[in-house]
Amino acid sequence: MSRAFWRDDRFIQFAAQLIVLAIVAGLAFVLVQNMAASLQRQGIALGFGFLDNAAGFDIGESLIRYTNADTFARALLVGLLNTLLVSVLGIVLATVLGVIVGIARLSSNWLVNRLAWLFIELMRNVPLLVLLIFIYTAFFLKLPRARQAISLGPIYLSNRGVAMPWGEPTETWPIYLYIIIAAVGSAALAATGLRLWQERSGRPKPIVLPALGTFAAIAVIGWLALPQPPLTITTPQIAAFNFRGGLVLTPEFMALLIGLVIYTAAFIGEVVRAGIQSVPKGQVEAARALGLNGRRTLQLVVFPQALRVIIPPLTSQYLNLTKNSSLAVAIGYPDLFAVSGTIINQTGRAVEMIVVVMGVYLSVSLLTSLLMNWYNRRVRLVER
Amino acid sequence: MSATTPSLPSRAEVLPPPTERYTALGWLRKNLFSTWYNALLTVIFSAIVVLLLRGFLEWAFTQARWEVITTNLRLFMVGQYPAAATWRAWACVILLALLIGLSWGIWGRNQRAGAIAFGALPFLLAILAQDEARVALLIVGVAGAVGFALSRWRGAQLQRISIIGWVVYFPLVILLISGFGGADGPLPLVTTNLWGGLLLTLLLTVVGIVFSFPLGVLLALGRQSSLPIVRALCVIYIEVIRGVPLITVLFMAQLMLPLFLPGVTIDRVVRAMAGIVLFSAAYLAENVRGGLQAIPRGQYEAARALGLNTWKMMLLIILPQALKAVIPILVGQFIALFKDTSLVVIVGLLDLMGIAKAVLAQPDFLGLQAEVYLFVALVYGVFCYLMSAFSQRLEARLSVGR
């Protein structure tokens, strides 16, 4: 070797990495040392033991049984379930509305087209926080009291939220759950069988309708066969200050859900429009030339190709919706972030709580990504 | 064979397709009533639009109490910023108008209609405004016109100056707004707890853009690097930040920065700025990475063949092309950043949203949420719309060269 070793590329790269690592590790060390010192001065010891202490605060709404005697850990679980509830419902509804908006944006009807454009522009140019607080304070809190609730058929709107009829589970409900599982299983079995038959015979067979029929038949027969119906329908009754019976969705939940759904639907609408427009016109023309009708063209040619373009940006919209649900704290819905904020106020355990909350959001994001990437691989073009 | 082949018409015979012209009735028929379901949709949606619009207009002109906005306009714009120093905020706007005028004359020559509309804006606002604001708005309008006239007169020479102007502008704004020195100096210090309203929102955005840009570019380069440790560190940082909501990052900055740096007092606004910069850099890095991946390998190889080292190759060959390719996406991200700054209200800052909350707590204006938040939405909407219109022009302009 004629060159000195410090001129060697491999050495330089190795040294550069070592230096970067040393700087980052050194910085992290100093910061953590500082943090430990400040915490010690304040008399706080790091650790997650406090999560087993009694929380001592109430939570407005909960999917599981919770009282203020339960632990901080359970309070966090309540928050997480609330986050998941609003995210999952939001994702489903935003997808439905988003697809409608995206298709409306491509409508040949000038009015529909322009209205969809206006909706998208309005949503994209206003911060979600402003939208949420507007819906909450300027709409839901301005609704009349429960006594003068606005009635839309069996649904009542008031400043106590939205009250609607709901099924109360009875003693036979657990048995009925097994029947539902059996119905889903049979429907899946029927669909698989029909698909195999279609592939073997090479002729299109109806698949979706028979599968749905199987499910519905078993579900209905099961309902009727049980000695007592598994659900009794209760309708909301106006009591002194609130509703009795039925399902009452709080204004906080409704404002958060509606805000997240319409905000995200605008973005999903653009994603859907771009996806459908990305399918070349020639594909549609070729499908028509092969004799496929309008519905089959969409179903067999346009959608499968558009889906490949749509899935990746759609995934990031789902992730955005989940992360944006943390804005619940601004309108008082007890999601994960809001509950952790309360815990920080009560215990001063800021570091631990931030670590927990970030860790949970990160896990949820990663899980959603994994799921959507798996689906994306399924619809991706197989190239040889 | 040649006898059966239909002869292609020569170039002169090919006519452009006829342009479609409609009568008003024909247009209605084609666009609104082409099929029975389109006619039905048109009728239903027209009814909905008419009902909503009528309800809104009735409310806006008879019931709404807009005086909540007019009385508190100063609060909405600059918050608690001292009245004696308001001229500094105006000076920033005047300088901005001058720069926009200059740049418009140099780069946007054929957008005359837009220039007239934009140039008329300060004068129109001046009619509505009162006292000092009216004078200041008139100066803003004149500054814009002067900039435009200058660039028409000496456009070629001023190109360089206006680029330098834009680069110097942002640090200058921060210097002007914050000031330095004691109360008797030329620019007395205005502490950040007095910054508020739209002023704070815009400053958070500007600081976010200016500081997250270099950090984001560095992260993007790190993620593309061939050094495994550097790449891993950058990937971890980017993915962690992108996986958590902004509000948790803001909260972390608010609560943990004082723990990390004991002895140094960092005020709330600066902590929020740090949170925004750290958050925005991760997203910026991903956008820049998109640009880097769009550069063909040949560019790297050519740079190597010319004997450039890695840094020179990146700075002179790769980054200019990569950044140019993603400018429209970056503008989109800056719009998102502008909207995201509204979250600082949750950590207790008095930005536009914070002022809105404070105004709604005034005993004279209880229960006027609809008016206040519609106004706030309008302000955000106008700024976002202007930025996205600018990015569309930019996109059209940049794609011309390809």
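Residues numbered from 1 in each chain as written. Chains lettered and ligands numbered in written order. Predicted model: local features only at pLDDT ≥ 70, side-chain atom pairs only at ≥ 80, totals over all residues.

### So, the domain arrangement of chain A
Taken domain by domain, chain A holds domain 1 (5–45) and domain 2 (72–165 + 235–379). Here the C-alpha centre of domain 2 of chain A lies 41 Å away from the C-alpha centre of domain 1 of chain A. (Domains from an automatic or database assignment.)

### Thoughts on the interface of chain A and chain B
Contact with chain A, which involves 43 residues of that partner, is made by 40 residues of chain B. Elements represented by at least two residues in the side of chain A that touches chain B include exactly helix 1 (9–42), helix 3 (110–124), helix 4 (128–139), helix 9 (294–324) and helix 11 (350–379) of chain A. Tallied by class, residues from the side of chain A that touches chain B come to 31 nonpolar, 11 polar and one charged. (Contact = placed C-beta atoms within 7 Å. Helix = DSSP H or I, 4+ residues; strand = E, 2+ residues; numbered from the N terminus. Nonpolar A, V, L, I, M, F, W, Y, C, P; charged D, E, K, R; others polar.)

### Some details on the sheet that holds strand 2 (residues 155–158) of chain A
Residues and elements named next belong to chain A. With antiparallel pairing, four strands are arranged side by side in an open sheet as 1-2-3-8. In this open sheet, the two strands that pair with only one neighbour each are strand 1 (150–152) and strand 8 (247–249). Pairwise comparison of adjacent strand axes, ignoring direction, gives a mean angle of 20 degrees for this sheet. Two strands pair when backbone bridges link them, and strand 2 and strand 3 (residues 161–164) are joined in this way by three bridges, in the antiparallel orientation. Note on strand 3: the bridge partner recorded for serine 158 is glycine 161. (Pairing = 2+ DSSP bridges. Axes fitted to C-alpha atoms, helices over the stretch in contact; angles between N-to-C directions.)

### Focus on the confidence of the model for chain B
Residues and elements named next belong to chain B. Chain-level pLDDT for chain B is 85 on average; 93% of the residues reach the 70-or-more range. Helix 1 (residues 24–31) is the least confidently modelled element of chain B, averaging 80 in pLDDT, while helix 14 (residues 352–360) averages 93, the highest of any element. Both scores are given for the predicted complex: the pTM is 0.86, the ipTM 0.86. (pLDDT = per-residue confidence, 0-100.)

### Things to note about the nonpolar core
By size, the foremost hydrophobic cluster in this structure holds 135 residues, and its most contacted members are A:Val130, A:Leu132 and A:Leu256. The biggest single contributor to this core is helix 7 (residues 251–277) of chain A, with 15 residues. Those residues in contact with A:Leu132 that sit more than four places away from it in its chain are A:Ala255, A:Leu256, A:Gly259, A:Leu327, A:Ala330 and A:Ile331. Counting 12 residues, the second-largest nonpolar core is a separate cluster that includes B:Ile94, B:Ile100, B:Leu137 and B:Ala143. (Core = buried A, V, L, I, M, F, W, Y, C linked by C-beta atoms within 7 Å. Buried ≥ 20, exposed ≤ 12 C-beta atoms within 10 Å, placed from the backbone.)

### Quick notes on the domain arrangement of chain B
For an interface, size is often stated in terms of accessible area lost upon the parts coming together. All names here are of chain B. Domain boundaries in chain B define domain 1 (79–190) and domain 2 (194–402). Each of domain 1 and domain 2 has a C-alpha centre, and these two points are 24 Å apart. In this complex, domain 1 contributes 10 residues to the contact, which on the side of domain 2 involves 12 residues. With three residues, helix 7 (residues 131–178) is the single largest residue contributor to the side of domain 1 that touches domain 2. For the side of domain 1 that touches domain 2, the residue count by class is seven nonpolar, three polar and no charged.

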